[in-house]
Amino acid sequence: MSSEENGEPLYKRIKADILAQVRSGKLRPGTTIPGEVELAEGYGCARMTVNRAIRELAGEGVLERRKRAGTRVAPFSGHSALLDIPRIDQEISKLGCKVGYRLIRRREEPARGDIARALEVAEGAPVLAIVCLHLADGTPFQLEKRWISLAAAPGARGEPFERQGPNQWLLDNVPWSSVEHEVAAIAAEAADARALGLSPGAPVLQITRVTRDGARAITLARLLHPGESYRLQARASAV
């Protein structure tokens with residue numbers, strides 16, 4: 001196989017394939033990935049092509065390279081909420097808690113106002129609106145309020161989201177290339193406070209996230225966490 005495929009360097013495809021498996025949860029934190037020789041045979045390329053993909057992923061903190069122990073997916077560090085899109089079930093599991101989920105509302109509706117602008121669709125374009133609650137040991141951990149552009153992710157229309165939240169489904173089924181976050185400390189509105197087991201006006205941390213595939217917006221999410229029980233960290237390094 002050539003070192004390029006469809007005009008793109010092969011190492012970039014290998015890097016994207018590994019990253020997609022990490023993001024989907026197929027490769028979990030701490031999992032040792034196949035060796036460079038095995039990967040090179042699988043992709044039909046030189047070992048140095050695989051080595052470049054692995055080196056870049058290690059430099060970005062996705063993988064850890066260990067002498068005589070192989071390369072593994074970097075352990076969850078709690079800083080990815082701003083730099084990536086974490087799986088909420090994995091976040092809860094990493095705390096040593098039992099994962100819980102409850103669908104509150106799911107309906108198809110026309111996009112209006114802020115929702116249409118965030119998703120960059122015309123007023124009245126169909127979106128799937130979902131409100132669901134994620135629990136840790138039975139205690140509210142995150143209230144997820146999400147709007148999915150059905151033009152960008154038509155498969156969501158057939159998903160009931162009764163057993164699995166849209167966060168996990170989107171990561172497993174819809175490719176994405178970039179994410180934008182906004183974080184704010186706000187006072188919980190009455191309905192949101194009830195869902196989180198809080199008093200109206202209690203402090204909550206709101207993460208607003210727009211996920212894109214190229215220039216197209218896929219989904220808008222507003223994620224609410226009880227202010228006293230959630231810590232958000234971010235870390236970056238110059239390359």
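Cut-offs and rules
- Residues numbered from 1 in each chain as written.
- Predicted model: local features only at pLDDT ≥ 70, side-chain atom pairs only at ≥ 80, totals over all residues.
- Heavy atoms only, no water.
- 1 Å grid on protein atoms, 1.4 Å probe; cavity = no way out; pocket = protein on both sides within 12 Å on 5 of 7 lines; lining within 4 Å.
- Points joined across faces, edges and corners; volume = space filled by probe spheres on them.
- Helix = DSSP H or I, 4+ residues; strand = E, 2+ residues; numbered from the N terminus.
- Nonpolar A, V, L, I, M, F, W, Y, C, P; charged D, E, K, R; others polar.
- Expected span 1.5 Å × (residues − 1).
- Buried < 20%, exposed > 50% of the residue type's maximum accessible area, 1.4 Å probe, protein only.

A. Region of the structure containing empty space enclosed by the protein. Inspection of every chain in the model, using the stated rule, returns 2 cavities of 30 Å³ or more. In this model, the largest cavity occupies a volume close to 90 Å³. Taken together, I85, R146, P166, N167, L170, L171, V174, W176, R209, T211, I218 and T219 form the lining of the largest cavity. Broken down by secondary-structure element, the contributors of at least two residues to the lining of the largest cavity are α7 (166–173), β9 (203–213) and β10 (216–226). Considering every element that reaches the lining of the largest cavity, the biggest residue donor is α7, with 4 residues. Tallied by class, residues from the lining of the largest cavity come to 7 nonpolar, 3 polar and 2 charged.

B. Broad picture of helix α3 (residues 47–59). Counted at 1.5 Å a residue, the expected span for α3 with its 13 residues is 18 Å, and the 18 Å between its end C-alpha atoms agrees. The set of residues buried in α3 consists of T49, V50, N51, A53, I54 and L57. Immediately beyond the C-terminal end of α3, within one or two residues, lies G61, with a positive phi of roughly 85 degrees.

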